[in-house]
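Residue-level structure breakdown
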Amino acid sequence: MTTQSPITLAEEVAEALRNGQPVVALESTILSHGLPPGRNLEVAHRLEKVVRDAGAIPATIAVLDGRPVVGLSSAELERVCAPGADLDKLSLRDLGPAIGLGRSGATTVASTASLASAAGIGVFATGGLGGVHLNASATWDVSADLGVLARVSTLVVCSGVKSVLDIAATLEVLETNSVPVLGYRTSHFPAFYLRSSGLPVPWRVDDPKQAAAVVAAHRLQASSGVLLANPIPKESEMDRELHDRLLADGLELLRTKDIHGSDVTPALLEHFHTASGGVSLDANEALVLSNAKLAAEVAVELAV
């Protein structure tokens, strides 16, 4: 490893950046908080392989003992995915405290995008973006992901946002912050487990070259990021009737247990995973692998 304070870059990642090779950032929260032990490590290795197979270098990101690490080693991946690892969940606001106190944690979309940008990585693949929560006009509950995308030039490839969020309001906030939203081979904004939320995307691209052209052009005009919305593969989409039932039950769970803020997404994911008999886990894995592949393909085009 080579240290470039305050970020520790894996040598492979540092060399790729020096040589202008394509690099794709990957978050660690999905591994430590989104998938069960055993499966999380398997998915971690599959994500990195998908990126490599598409011609890019993977850089999974986490904070370990107060060090932001960009490009986890195999041993570090095992540490993040270990049963009982009990890593903190770190958004951008949490990076300073975690680093200053020497803590370890997994990075969310906001913190991963920020650290990736600081390291010089312009492409990031994740599962779903955070957004505006329902009743945000009363609670002010808006994900930090949106604010970070307004300030960093990172391309974020995801499968939209979860249907528990106010998707229309999320798209409005992205527009306000000059973040282009591109639909990949679709004219509809996806809703994570579902290929379509029913809401349109402002722009559509149909191949990685088109996506890269938009990103390159946008970076000449603005300092904000770009969102590339890639629907979950058709064969992995959750049955809509099952999804709607799980969502209704999940919202009732949040209400009865008075769950709010940063606890909402983990509680809903756990509910979906448990109540769907594993269907949502399969869907989650399929969409994040698809996003990693697409991100790598776009990164390769950007590096040409």
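Now for a description of the structure that goes with this document. (Residues numbered from 1 in each chain as written. Predicted model: local features only at pLDDT ≥ 70, side-chain atom pairs only at ≥ 80, totals over all residues. Heavy atoms only, no water.)

**Some points on the packing of helix 3 (residues 39-53) against helix 13 (residues 279-303)**
Two elements in contact, helix 3 and helix 13, have axes whose closest approach is 8 Å; the angle formed by their N-to-C orientations is 25°. Viewed along their axes, helix 3 and helix 13 adopt a mutual orientation that is roughly parallel. Our pair here, helix 3 against helix 13, has a crossing hand that is right-handed. Note on element contacts: helix 13 touches helix 3 through L281, D282, E285, V288, L289, A292, K293 and A296, opposite R39, V43, R46, L47, V50 and V51. Residue classes in the contact of helix 3 with helix 13 are distributed as 9 nonpolar, no polar and 5 charged. (Axes fitted to C-alpha atoms, helices over the stretch in contact; angles between N-to-C directions. Helix = DSSP H or I, 4+ residues; strand = E, 2+ residues; numbered from the N terminus. Parallel < 35°, antiparallel > 145°, perpendicular 65-115°, else oblique. Left-handed = near helix turned anticlockwise from the far one by under 90°. Contact = heavy atoms within 4.5 Å. Nonpolar A, V, L, I, M, F, W, Y, C, P; charged D, E, K, R; others polar.)

**Some remarks on the pairing of strand 4 (residues 57-64)**
For a regular strand, the rule is simple: side chains alternate between the two faces of the sheet. Of all 8 residues that make up strand 4, 8 are buried, and the element is covered over most of its length. Taking every second residue as pointing to the same face, both faces of strand 4 are buried, with I57, A59, I61 and V63 on one and P58, T60, A62 and L64 on the other. Sheet topology note: the strand 3 (residues 23-26)/strand 4 ladder contains 4 bridges and is parallel. Residue pairing in the sheet places L26 in a bridge with T60 of strand 4. Note that strand 4 and strand 5 (residues 67-70) share 4 bridges and pair antiparallel. Within strand 5, the residue paired with I61 across the bridge is V70. Here strand 4 folds back onto strand 5, and the loop between the two strands holds 2 residues, one of which, D65, carries a positive phi near 50°. As judged from the 2 bridges shared by strand 4 and strand 7 (residues 105-107), these two strands associate in the antiparallel manner. The residue of strand 7 that forms the bridge with A62 is A106. (Buried < 20%, exposed > 50% of the residue type's maximum accessible area, 1.4 Å probe, protein only. Pairing = 2+ DSSP bridges.)

**Describing the nonpolar core**
Core analysis: the biggest nonpolar cluster contains 102 residues, and V24, L227 and L228 have the highest contact counts within it. With 11 residues, helix 13 is the largest single contributor of residues to this core. Sequence-distant contacts of L228, defined by excluding residues within four places in its chain, comprise L155, V156, V157, C158, L182, Y184, V205, A211, L294 and V298. (Core = buried A, V, L, I, M, F, W, Y, C linked by side-chain atoms within 4.5 Å.)

**Looking at helix 1 (residues 11-18)**
Residues of helix 1 that are buried: V13, A14 and A16. Each buried residue of helix 1 lies within a common arc of 165° when the element is viewed along its axis, so the set occupies one face. G20 sits one or two residues past helix 1 and shows a positive phi near 70°. (Arc of directions from axis to C-beta.)

**Re unusual backbone geometry**
Phi is positive for D65, which is not a glycine, with a value near 50°. Relative to the helices and strands, D65 resides in the loop between strand 4 and strand 5. Residue D65 is classed as partly exposed on the basis of its relative accessible area, which comes to 46%. One non-glycine residue, D258, adopts positive backbone phi at about 50°. When you line up the elements, D258 lands in the loop between helix 11 (240-256) and helix 12 (264-275).

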